[in-house]
Amino acid sequence: MNATKTSVVVTGIGATTPLGGDSASTWEGLVAGRSGVARLQEEWAADLPVQIAARAAVEPGESIPRPQARRLDRSAQFALIAARQAWADAGFTARAGEETSVDPDRLGAVVASGIGGVTTLLDQYDVLREKGVRRVSPHTVPMLMPNGPSANVGLEVNARAGVHTPVSACASGSEAVGYAIEMIRSGRADIVVAGGTEAAIHPLPVAAFANMMAMSKSNDDPQGASRPFDTDRNGFVLGEGAGVIVLESAEHARRRGARVYVEAVGQGISADSHDIVQPEPSGNGIAHALENLISRNDIDPAEIVHINAHATSTPAGDLAELKALRKVFGDDMDHMGISATKSMTGHLLGGAGGVETVATLLALHHRTAPPTINIKNLDPEADGDIVRDTARELPDSGRIAALNNSFGFGGHNVVLAFRTV
Amino acid sequence: MAATQEEIVSGLAEIVNEIAGIPAEDVKLEKSFTDDLDVDSLSMVEVVVAAEEKFGVKIPDDDVKNLKTVGDATDYILKNQD
């Protein structure tokens with residue numbers, strides 16, 4: 001604990017997800033326990049072992065004009081939409097510099113994707129082979145580069161303090177938010193737009209994940225396919241979209257009279273160094289991240305009442321996470337309502353940390369934990385207070401905190417903590 | 001059959017509209033691609049490739065920098081089409 005560290009708060013929230021085109025509709029869907037998963041209608045899906053996914057509820061083309069959209073990868077389109085919402089939600093009506101309360105030199109952007117512009121890369125390779133070299137789009141490189149979404153968000157708001165893209169597979173979005181918190185704490189920025197995005201619903205990534213045996217093949221039951229903590233869980237369901245927030249030093253927010261959702265307390269990070277894709281089964285790697293969170297930040301396990309679990313609906317991962325929580329929190333774990341919102345949104349890979357940060361913030365803001373749906377038979381080894389079937393009210397008074405967990409292939413573990421103010 | 005000047009301008013207008021979103025009726029001979037029509041250097045490559053296909057001409061990269069206005073491009077295509 002370090003009382004001299006700059007406090008960081010969240011002042012803006014934006015999202016476009018399989019449940020809705022903004023954070024309000026996404027939250028409604030989460031609380032209602034609605035699944036965003038459906039059968040893929042594309043012709044290519046017919047040949048694949050996995051034929052289900054959680055498409056974004058609103059096509060990005062509905063809010064981005066075509067001339068701009070054709071030079072942005074779908075992942076950058078989602079990021080831009082979520083960032084615009086978050087920026088407006090934070091009370092801004094213009095870019096930094098034009099908006100006099102924000103100095104561009106003190107504004108950063110940190111938006112991550114796990115895979116980058118994969119659909120652009122693959123589509124342009126098809127163009128190269130089918131139509132020839134000359135027809136490859138000159139926009140290909142800025143569209144496929146993994147820092148494209150972050151750079152486009154930075155351009156949108158006029159961020160000059162630094163634009164970053166941490167890449168850690170499915171932990172990327174949370175790592176971005178954690179990086180943003182650190183940028184503000186270390187004095188590099190007063191305000192940072194941060195989050196995660198992904199758009200990887202394309203036959204190649206789907207085939208590749210399916211061949212890893214990582215995805216659910218419950219094609220006949222799309223809405224019931226993502227079932228974290230259920231005995232019969234059989235892999236994740238791919239989702240797409242973005243979640244982006246505006247983080248700000250508490251002092252900066254106070255000075256401009258901003259509405260504050262919650263405090264961003266800090267992050268805990270670790271690496272498994274166990275296997276390139278398998279989680280460390282005892283949960284020790286995740287436990288290390290949780291221990292780092294508690295020891296390096298001003299947070300008391302007694303005030304944590306909710307956890308947005310990483311829980312992707314894979315047999316090994318879901319249990320390792322619960323083991324880690326018990327190991328670190330002991331009896332305190334029993335007052336933490338655990339929700340796996342991927343049961344509704346699917347798994348947005350690098351976007352997951354962004355969208356689930358939004359879900360965690362809104363859970364604190366509304367003092368309601370969204371449910372984990374699709375648990376028919378709770379895994380007897382699933383230790384902890386899983387919020388099942390329906391949303392649950394959190395304590396309606398007093399200071400409460402919540403965690404957002406994200407882990408990624410490569411053994412990356414990121415835990416974020418937020419707290420009511 | 002070779003395209004007339006009018007057909008070329010109208011074809012370029014369609015291309016610019018598709019790529020930059022500028023209304024086709026604003027695409028006129030004297031308009032500069034960069035200054036008037038929101039066509040930056042990357043999008044200019046797209047305009048050139050689309051024009052090559054539409055009018056059956058070859059516009060080498062070295063010549064593209066001389067095509068500042070819609071009129072420049074129209075003259076180039078008129079001279080070089082089959």
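Note that the structure is a prediction, hence the values are computed from the model and not measured.

(A) Fine view of the pattern of salt bridges. All names here are of chain A. One pass over the structure, following the stated rule, counts 32 salt bridges over all chains. As a salt-bridge pair, D318 and R233 come within 3.5 Å of each other at their nearest N and O atoms. Residue D318 is located in helix α11 (residues 315-329), and its partner R233 is located in the loop between α8 (203-211) and β7 (241-249); the two are separated by 85 residues in the primary sequence. Across the pair E303 and R419 runs a salt bridge, and its minimum N-O distance is 2.8 Å. Note that E303 is positioned in the loop between α10 (284-296) and β9 (304-308) and R419 in strand β14 (residues 412-419), a separation of 116 residues in sequence. Comparing E303 with R419, the two get one shared label, buried. Linked by salt bridges that have partners in common, E42, R55, E59, R74 and E240 make up one network.

(B) Expanded view of the UniProt feature "domain: Carrier" (unreviewed entry) in chain B. The UniProt record annotates "domain: Carrier" (unreviewed entry) at residues 6-81 of chain B. Secondary structure within residues 6-81 of chain B divides into 64% helix and 0% strand; the distance between the first and last C-alpha atoms comes to 14 Å.

(C) Examining the side chain of S226 of chain A more closely. All names here are of chain A. Mapped onto the fold, S226 is located in the loop between α8 and β7. Relative accessible area serves as the criterion here: at 1%, S226 is assigned to the buried category. For S226, the side chain forms a polar contact with the main-chain oxygen of K342, separated by 2.8 Å. Excluding residues within four positions of it along the chain, S226 makes contact with V237, S313, K342, S343, I373 and N374.

(D) Spatial organisation of the sheet that holds strand β10 (residues 337-339) of chain A. All names here are of chain A. Strand order in the open sheet made by the 10 strands is β5-β4-β6-β7-β1-β8-β14-β13-β9-β10, with mixed pairing throughout. The sheet is open, and its two edges are formed by β5 (162-164) and β10, each paired on a single side. Mean inter-strand twist for the sheet, computed between neighbouring axes without regard to direction, equals 25 degrees. Note that β9 and strand β13 (residues 401-408) share 4 bridges and pair parallel. Its bridge partner lying in β13, I307 is registered against L403. Of the strands in this sheet, β4 (107-112), β5 and β6 (191-198) touch helix α6 (residues 148-157), which is tilted by about 150 degrees from β4. Docked against the sheet, helix α13 (residues 352-366) engages β1 (8-16), β6, β7, β8 (262-271), β9, β13 and β14, running at close to 170 degrees with respect to β13.

(E) View of α10 of chain A. In this model, α10 of chain A (13 residues) spans 18 Å end to end at C-alpha, consistent with the 18 Å of a helix rising 1.5 Å per residue. Residues of α10 of chain A that are buried in the fold lie against β8, α11, β13 and β14 of chain A.

(F) Region of the structure containing the domain arrangement of chain A. All names here are of chain A. Domain annotation for chain A reports domain 1 (8-256) and domain 2 (266-420). On a C-alpha basis, the centres of domain 1 and domain 2 stand 20 Å from each other. Of the residues lining the interface, 66 residues belong to domain 1; the matching set on domain 2 comes to 61 residues. Summing both sides of the interface, domain 1 and domain 2 together bury roughly 4,500 Å²; the carbon and sulfur share of this comes to 68%. Of all residues in domain 1, W27, F229 and R233 bury the most surface against domain 2, accounting for 20% of the area lost on that side. On inspection of domain 1 and its partner domain 2, the count reaches 2 salt bridges. Between D379 and R233 there is a salt bridge, with its nearest N and O atoms 2.9 Å apart. Viewed at the interface, domain 2 and domain 1 are joined by 21 residue pairs in polar contact (both at pLDDT 80 or more). Every element with two or more residues in the side of domain 1 that touches domain 2 is listed here: β1, α1 (23-32), α7 (172-185), β6 and β7.

(G) View of empty space enclosed by the protein. Residue and element names in this part refer to chain B. Taken as a whole, this structure holds 1 cavity of 30 Å³ or more when the rule is applied. In this structure, the largest cavity encloses a volume near 30 Å³. Along the walls of the largest cavity sit L12, F33, M44, V47, V48, A51, I59, L67 and A73, which together make up its complete lining. Of the residues in the lining of the largest cavity, the class split is 9 nonpolar, no polar and no charged.

(H) Main features of the interface of chain B and chain A. Facing the 16 residues of chain B at the interface are 10 residues of chain A. Roughly 1,100 Å² is buried in total at the junction of chain B and chain A, and carbon and sulfur atoms are behind 41% of that figure. A salt bridge links R70 of chain A to E46 of chain B; its shortest N-O distance comes to 3.0 Å. Where chain B meets chain A, there are 9 residue pairs in polar contact (both at pLDDT 80 or more). Of all the elements in the fold, those that place two or more residues in the side of chain B that touches chain A are α1 (5-20) and α3 (41-55) of chain B. Per-element accounting of the side of chain B that touches chain A gives the leading share, 8 residues, to α3 of chain B. Considered class by class, the residues forming the side of chain B that touches chain A number 7 nonpolar, 2 polar and 7 charged.

(I) Layout of the UniProt feature "active site" (unreviewed entry) in chain A. All names here are of chain A. Following the UniProt record, one finds the feature "active site" (unreviewed entry) at C170. With respect to the helices, strands and loops of the structure, C170 is situated in the loop between β5 and α7. Not counting residues within four places of it along the chain, the set of residues in contact with C170 comprises H310, H347, L349, G350, S406, F407 and G408.

(J) Looking closely at the UniProt feature "modified residue: O-(pantetheine 4'-phosphoryl)serine" (unreviewed entry) in chain B. UniProt's feature table lists "modified residue: O-(pantetheine 4'-phosphoryl)serine" (unreviewed entry) at S41 of chain B, given in the numbering used throughout. Within the secondary structure, S41 of chain B sits in helix α3.

Conventions we followed
- Residues numbered from 1 in each chain as written.
- Chains lettered and ligands numbered in written order.
- Predicted model: local features only at pLDDT ≥ 70, side-chain atom pairs only at ≥ 80, totals over all residues.
- Heavy atoms only, no water.
- Salt bridge = Lys/Arg side-chain N within 4 Å of Asp/Glu carboxyl O.
- Helix = DSSP H or I, 4+ residues; strand = E, 2+ residues; numbered from the N terminus.
- Buried < 20%, exposed > 50% of the residue type's maximum accessible area, 1.4 Å probe, protein only.
- UniProt positions renumbered as here; feature names shortened; annotations may be inferred.
- Polar contact = N/O pair within 3.5 Å; in protein donor to acceptor, adjacent residues only side chain to side chain.
- Contact = heavy atoms within 4.5 Å.
- Pairing = 2+ DSSP bridges.
- Axes fitted to C-alpha atoms, helices over the stretch in contact; angles between N-to-C directions.
- Expected span 1.5 Å × (residues − 1).
- Domains from an automatic or database assignment.
- Buried area = accessible area lost by both parts, 1.4 Å probe.
- 1 Å grid on protein atoms, 1.4 Å probe; cavity = no way out; pocket = protein on both sides within 12 Å on 5 of 7 lines; lining within 4 Å.
- Points joined across faces, edges and corners; volume = space filled by probe spheres on them.
- Nonpolar A, V, L, I, M, F, W, Y, C, P; charged D, E, K, R; others polar.

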